[in-house]
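# Close look at the chain arrangement
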Amino acid sequence: MAMSGLVSNRNFGHFIGSGILCRGEQAILLHRGERSSVAVVHGNIVKPISVSPNGRQFILLSLHHSDKSHRVYPQHRSKGSFACCSFSSSSPGGWLEAGDKDKIVENRTSAFYKSEEYDITEAKLDSLPSPDETNEAILVERDIPWWQSFPKRWVIVLLCFAAFLLCNMDRVNMSIAILPMSKEFNWNSATVGLIQSSFFWGYLLTQILGGIWADKIGGKLVLGFGVVWWSVATVLTPIAAKIGLPFLLIMRAFMGIGEGVAMPAMINLLSKWIPVSERSRSLALVYSGMYLGSVTGLAFSPILIHKFGWPSVFYSFGSLGSIWFALWLRKAYSSPEEDPELSKEEKKLIMGGSLSKEPVKVIPWRLILSKAPVWALIISHFCHNWGTFILLTWMPTYYNQVLKFNLTESGLLCVLPWLTMAAFANIGGWIADTLVSRGLSITAVRKIMQSIGFLGPAFFLTQLSYVRTPAMAVLCMACSQGSDAFSQSGLYSNHQDIGPRYAGVLLGLSNTAGVLAGVFGTAATGYILQRGSWDDVFKVSVALYIIGTLVWNLFSTGEKILD
């Protein structure tokens, strides 16, 4: 800021905002962007309490007291910002003490004023020469680490991203470990399908409950509980398997209970933290954590199994949840109102023009279930997840049995579709938000993106019957899942569109249908393979994708239908 900002009557009020200087020997003004705040000074000690959005901290100090009238005078101009000080702090938020001569900044700019109790914004200021007995005002500028000024809403997004990374790491490890486990315990295809589907028994139970809990008590507690619960269940899985099949089924169901609350809690958090202009991008990034979790799990599981045995996958992946939980407790809050470190600028951006963010007390079930767009979400989610969960749980087996890849090759090649999904989810999120910002209706954007998410996978799965090489089969899988990822900007973003206050409950409802697709689809695939072929498996998925496309385009909307 140029020096003229301090000496002009109009600009000085703009420079220091609404701060108030109190009567006393010392006072402090903290400049934050275009605003400032005031801190009380005790003796010769002052404490800076504010940081500007661009990562710089500005402190205005009065060093001496005088009972005469006040004026402000320039000593000389700095090149672009004030930096005169007779002492400074070694760290943002630390205490400044008089006499720290060794911390003086080289670029000096001084101003003078006489102190009385008044509102700075109404001060009469001029640029007359400085008389004697004036007080020296000092403005200190210093840089702070970039991570302290990183937008807090995106800290929440990144932590949710990490939670979903762990979520799918812990889920897909079974799809790799099941191959050596089935040999060790002599499981047939039907038993393998039963084990794979047992996860969804617990996952199904907590979808709606997770949404209700998140909307009523906040997403932080619910998501934190989920990660700890499923991490413990993952660690205990090898022990349960060695005790017996019933114990393994129960432990996989327990793991599903923990992961079942994750999506509703995450949707609740993002509905409170993310403005509509960033909705598709933020959601796409979080869901890309799931895809990258699949990549990580499928890539590292064969290596760990080869070197340390299949139990090592569950022990190593499950233990990572404790690290995430420690960060979550320190950094996350259920809503912007609860975060004491959130800047007023960012809070205004998040809350500006938004609906009420207060917790829900009563769920209007009859109203929710009477809306056609809600049923469009539920049916479309079922159709979408049938194909997605088959890929998640059965693709390593497909690569091993049909394409004749070994365990390591199966795991590595399964990575490609998920990498494609991670990339295209974020591309789709950027496209969707750009279309919305340019004036296209949210309804049109959601229908376009979800139509790609349905018809793309349907087309590429039909091509699997005609390919003759493993490379082309893997390419079809990658293209199928890449186009599937556009669903993150379609139906997965729609819960916040039609009912932001009940986003957790809506996600719980639709994802319950999606979990039923996982339960029936995963188990049905095992029975289909005993009596038919992989072509039959893919034909069922294609039929459901087409049904989902029709229902979505006829009944969905991007407008708010629930207050």
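This text goes with the structure placed above it.
The structure reproduced in this document is the subject of the present report. In this text the structure is predicted, and so the values were computed from the model without any measurement. (Residues numbered from 1 in each chain as written. Predicted model: local features only at pLDDT ≥ 70, side-chain atom pairs only at ≥ 80, totals over all residues. Heavy atoms only, no water.)

## Regarding the packing of helix 4 (residues 189–205) against helix 18 (residues 503–531)
- Running from N to C, helix 4 and helix 18 point in directions that differ by 175°, and their axes come no closer than 8 Å. On the basis of the axis angle, helix 4 is roughly antiparallel to helix 18. Of the residues in helix 18, those touching helix 4 at S189, A190, G193, Q196, S197, F200, W201, Y203 and L204 are N511, T512, V515, L516, G518, V519, T522, A523, Y527 and Q530.
- Residue composition of the contact of helix 4 with helix 18, grouped by class: 10 nonpolar, nine polar and no charged. (Axes fitted to C-alpha atoms, helices over the stretch in contact; angles between N-to-C directions. Helix = DSSP H or I, 4+ residues; strand = E, 2+ residues; numbered from the N terminus. Parallel < 35°, antiparallel > 145°, perpendicular 65-115°, else oblique. Contact = heavy atoms within 4.5 Å. Nonpolar A, V, L, I, M, F, W, Y, C, P; charged D, E, K, R; others polar.)

## Examining the packing of helix 6 (residues 219–243) against helix 8 (residues 262–273)
- Axis separation between helix 6 and helix 8 bottoms out at 8 Å; the angle between their running directions is 150°. Viewed along their axes, helix 6 and helix 8 adopt a mutual orientation that is roughly antiparallel. Seen from above, helix 6 lies across helix 8 with left-handed handedness. Contact with helix 6, carried on its side by G219, K220, V222, L223 and W230, involves A262, A265, N268 and L269 of helix 8 and no other residues of that element.
- Tallied by class, the residues present in the contact of helix 6 with helix 8 amount to six nonpolar, two polar and one charged. (Left-handed = near helix turned anticlockwise from the far one by under 90°.)

## Some words on the pattern of salt bridges
- One pass over the structure, following the stated rule, counts seven salt bridges.
- When the shortest N-O distance is used, the salt bridge between R171 and E259 registers 3.1 Å. Pair noted here: R171 is in helix 3 (residues 152–185) and E259 is in helix 7 (residues 245–260), with a separation of 88 residues, a long-range link.
- Overlapping salt bridges, with partners in common, bring together R153, E278 and E346 in one network. (Salt bridge = Lys/Arg side-chain N within 4 Å of Asp/Glu carboxyl O.)

## Description of the nonpolar core
- The biggest cluster of nonpolar side chains holds 119 residues, and the ones touching the most others in it are L223 and Y398.
- Looking at which domains feed residues into this core, each of domain 1 (149–354) and domain 2 (365–562) supplies at least three.
- Beyond its immediate sequence surroundings of up to four residues, Y398 is in contact with L403, L464, A473, M477, W534 and F538. (Core = buried A, V, L, I, M, F, W, Y, C linked by side-chain atoms within 4.5 Å. Buried < 20%, exposed > 50% of the residue type's maximum accessible area, 1.4 Å probe, protein only. Domains from an automatic or database assignment.)

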